[in-house]
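Here's the letter readout for the chains.
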Amino acid sequence: MRSMASMNRLQKIQNRFREYRMSMRTKLNLGLGSIAAMLLLSSIISILEYRRMSNYVTDLVADNIRNINVAQKLVSMSDEYNLKVLATIGEEDSISVSVPEFDRQAFMAQCDGLRTSISSKEAFPLADSVIYAYSAYMLTSLELPRVMASDFINSRDWFFNRLQPRYNRLRADIERLTDAAYSDLQTNSLTFQDSFYRSIIPGIVSVGAGLVLVLLLMFFIRSYYVSPVYRMLAALEDFTLRNQKYMCSFDGNDQMAALNSQITEVTEETVELRRRVKSLRDERERLIEAVQSVQE
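Rules of the game
- Residues numbered from 1 in each chain as written.
- Predicted model: local features only at pLDDT ≥ 70, side-chain atom pairs only at ≥ 80, totals over all residues.
- Heavy atoms only, no water.
- Helix = DSSP H or I, 4+ residues; strand = E, 2+ residues; numbered from the N terminus.
- Contact = heavy atoms within 4.5 Å.
- Patch = residues over 30% accessible without salt bridge, like charges linked within 9 Å, V, L, I, M, F, W, Y side chains within 5 Å.
- Areas by Shrake-Rupley, 256 points an atom, 1.4 Å probe, with all protein chains shown as cover.
- Salt bridge = Lys/Arg side-chain N within 4 Å of Asp/Glu carboxyl O.
- Buried < 20%, exposed > 50% of the residue type's maximum accessible area, 1.4 Å probe, protein only.
- Phe/Tyr/Trp six-rings, centres within 6.5 Å; stacked < 30°, edge-to-face > 60°.
- Lys NZ or Arg CZ within 6 Å of the ring centre and 35° of its normal.

Colleague: What am I meant to see in the side chain of Gln164 here?
Modeller: Among the structural elements, Gln164 can be located in helix H6 (residues 155-241). Apart from the residues lying within four places of it in its own chain, the contact partners of Gln164 are Asn82 and Phe159.

Structural data, given as structure tokens:
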């Protein structure tokens, strides 16, 4: 009993689906609407993806440029301090010599900022190297008052043989840190280029899918609408010009099938009407012949 009830239920569902017929307008609107919706959705996805990647990479590039500027500032601060030390050595009055002022707190803060902001793996050891070289250089520069006050130490030899090598080491470490910032900038620029291509991929895919859908829609229209129209016209031409029976059939349950069914009924009625007219003419001719024979 349950199987019979389920079969009846399934039969009712199938009948409902058979009774539901999509019109030609609905089919065309559905096909064209699906293509338009796909293209619109893919365009929105491409725009959103491009904006997201553009904002992300733009922030990265801005950080890289800021890091490069900070590294250049460290070089400038180091050069300025080193020149001040050299100028101090050249002064004649060596009794009141003091170590030139240097903003150590700003220098260390900028080094720490570079260490955390550069995304490459080389940033941490390079920043640490800068800090170590800076500490060694500053510690050596604190010997300046003692060197200038001593009669046994040549201040120029101390500067060029002891302080300058440490400065050169500091300068080289800062330049390597700057190179890391430039490398990070180049990497992010390539990432921006790759993100641009990734953002337009949905648009390319949607255009390709849209073209495929357009071709399928053209095939669908030619198969289900254009071809039946030509077949009905050919059958009507055979019916009107060659007095052949209208014979045109195709699959479908939409307005085209209904139109073909109506044309078939009209042609059958026309054939029946022609047959009756012919029989009436034949009967009339027989009556005329009979009357003529009676009169003779």
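Right, picking up where we left off after that structure.
Colleague: What should I look at first to understand a nonpolar patch on the surface in this one?
Modeller: On the surface, Leu39, Val207 and Leu211 cluster together to form a nonpolar patch covering roughly 250 Å² of accessible area. Tracing the backbone through its elements, the reader meets Val207 in helix H6.

Colleague: How should I be thinking about the side chain of Asp173 in this particular structure?
Modeller: Along the chain, Asp173 falls in helix H6. In this structure Asp173 comes out as buried when scored by relative accessible area, which is 0%. For Asp173, the residues in contact, after removing those within four places along its chain, are Ser129, Val130 and Ala133.

Colleague: Can you walk me through the packing of aromatic side chains in this structure?
Modeller: Two descriptors summarise a pair of aromatic rings, namely the distance from one centre to the other and the angle between the planes of the rings. All told, the structure shown has 3 aromatic pairs when counted by the stated rule. When the centroid spacing of 5.9 Å and the interplanar angle of 80° are considered together, the rings of Tyr81 and Tyr137 count as edge-to-face. Highlighted residues: Tyr81 in helix H2 (residues 24-89) and Tyr137 in helix H4 (residues 123-141), separated in sequence by 56 residues. Using a relative accessible area of 1% as the deciding quantity, one classes Tyr81 as buried. Judged by relative accessible area, Tyr137 falls into the buried class, the value being 1%. For the pair Phe159 and Phe160, a centre-to-centre distance of 5.0 Å together with 90° between the ring planes defines the contact as edge-to-face. Taking relative accessible area as the criterion, Phe159 reaches 1% and is therefore assigned buried. Each residue in the set Tyr81, Tyr137 and Tyr167 is aromatic and connected to the rest through ring pairs, giving one cluster. If you follow Arg274 out to its NZ or CZ, it ends over the ring of Phe239, 4.9 Å from the centre.

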